[in-house]
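# Structural characterization, general
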Amino acid sequence: MASQEIEALSGALARLPGLGPRSARRAVLWLIKRRETALEQLLNALMQVQELLVECDTCGNVDTTNPCGICADPRRDVRSICVVEEVADLWALDRARLFTGKYHVLGGRLSALEGVRPEDLTIGKLLDRVAQGGVDEVVLAMNATLEGQTTAHYIAERLEGMTVRVTQLAHGLPVGGELDYLDEGTLAQALRARRPVG
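- If you check an unreviewed UniProt entry, the chain appears there as Recombination protein RecR from Novosphingobium hassiacum.
- Taken directly from UniProt, the Function (unreviewed entry) text for the chain runs: "May play a role in DNA repair. It seems to be involved in an RecBC-independent recombinational process of DNA repair. It may act with RecF and RecO."
- In its Sequence similarities (unreviewed entry) section, UniProt records this for the chain: "Belongs to the RecR family."

## Some words on the pattern of salt bridges
- According to the stated counting rule, one finds eight salt bridges in the structure shown.
- Linking E36 and R35 is a salt bridge whose minimum nitrogen-to-oxygen distance equals 3.9 Å.
- Accessibility expressed as a relative area gives 59% for E36, which makes it exposed.
- With a relative accessible area of 47%, R35 lands in the partly exposed category.

## Description of unusual backbone geometry
- Of note, the bond from N66 into P67 is cis; its omega dihedral lies within 30 degrees of zero at 5 degrees.
- Position of P67 relative to the elements: it lies in the loop between β2 (62-63) and α4 (69-72).
- Phi angles above zero are rare outside glycine, and R97 is one such case at about 55 degrees.
- Residue position: R97 is located in the loop between α5 (87-96) and β4 (101-105).
- Judged by its relative accessible area of 72%, R97 is exposed.

## Topic: the sheet that holds strand β5 (residues 137-140)
- Spatial ordering of the open sheet is given by β4-β3-β5-β6, a layout of four strands whose pairing is parallel. The open sheet is flanked by β4 and β6 (165-168), the only strands paired with a single partner. Across this sheet, the average inter-strand angle for adjacent strands is 25 degrees, counted without regard to direction.
- When strand β3 (residues 77-84) meets β5, the two strands line up parallel, connected through four bridges. Pairing of I81 across the sheet is with V138, part of β5.
- Of the strands in this sheet, β3 and β4 are in contact with α5, which crosses β4 at around 160 degrees.

The rules behind each value
- Residues numbered from 1 in each chain as written.
- Predicted model: local features only at pLDDT ≥ 70, side-chain atom pairs only at ≥ 80, totals over all residues.
- Heavy atoms only, no water.
- UniProt positions renumbered as here; feature names shortened; annotations may be inferred.
- Salt bridge = Lys/Arg side-chain N within 4 Å of Asp/Glu carboxyl O.
- Buried < 20%, exposed > 50% of the residue type's maximum accessible area, 1.4 Å probe, protein only.
- Helix = DSSP H or I, 4+ residues; strand = E, 2+ residues; numbered from the N terminus.
- Pairing = 2+ DSSP bridges.
- Axes fitted to C-alpha atoms, helices over the stretch in contact; angles between N-to-C directions.
- Contact = heavy atoms within 4.5 Å.

What follows is the structure, encoded as structure tokens:
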């Protein structure tokens, strides 16, 4: 049996996504064995993040500065805004380094079942950003779920009166995907989004 404090640490780690009780115990044991190096570094990093962590007033990203590093970067294309559901989506897209514009984090997606309404998200803030001018394109990068597509459709409708091009990420076949392993929804979307060859 471990002490109350070690059990509390194990319990706290077990609440993290992707870690169950067993993985958390293994992580705690690994940290205990390396307490002079790894445990101290982890504690310092956690304390720094706790002290400095802020949400960007412009886009909703989480960073240690406000505005965030992306919004403050003068190399970013201010004429293009990519709208995502969550910060994790922003980080995934930005890690690919394919989008050079700015971002906007909604903080979720519309969901009648979960009671998430448009006013619960930062859609109004997005509309304000576009209304200020200087934005040529809004890329809707919602997840390919019913709620994600409902959110994208709602935002597209709200942007209709503004002089901005609204685009959406392509959906369909993944690179290297085999047809017999794909679900019907993915295949249907791929067929609807087909384009000429050449």
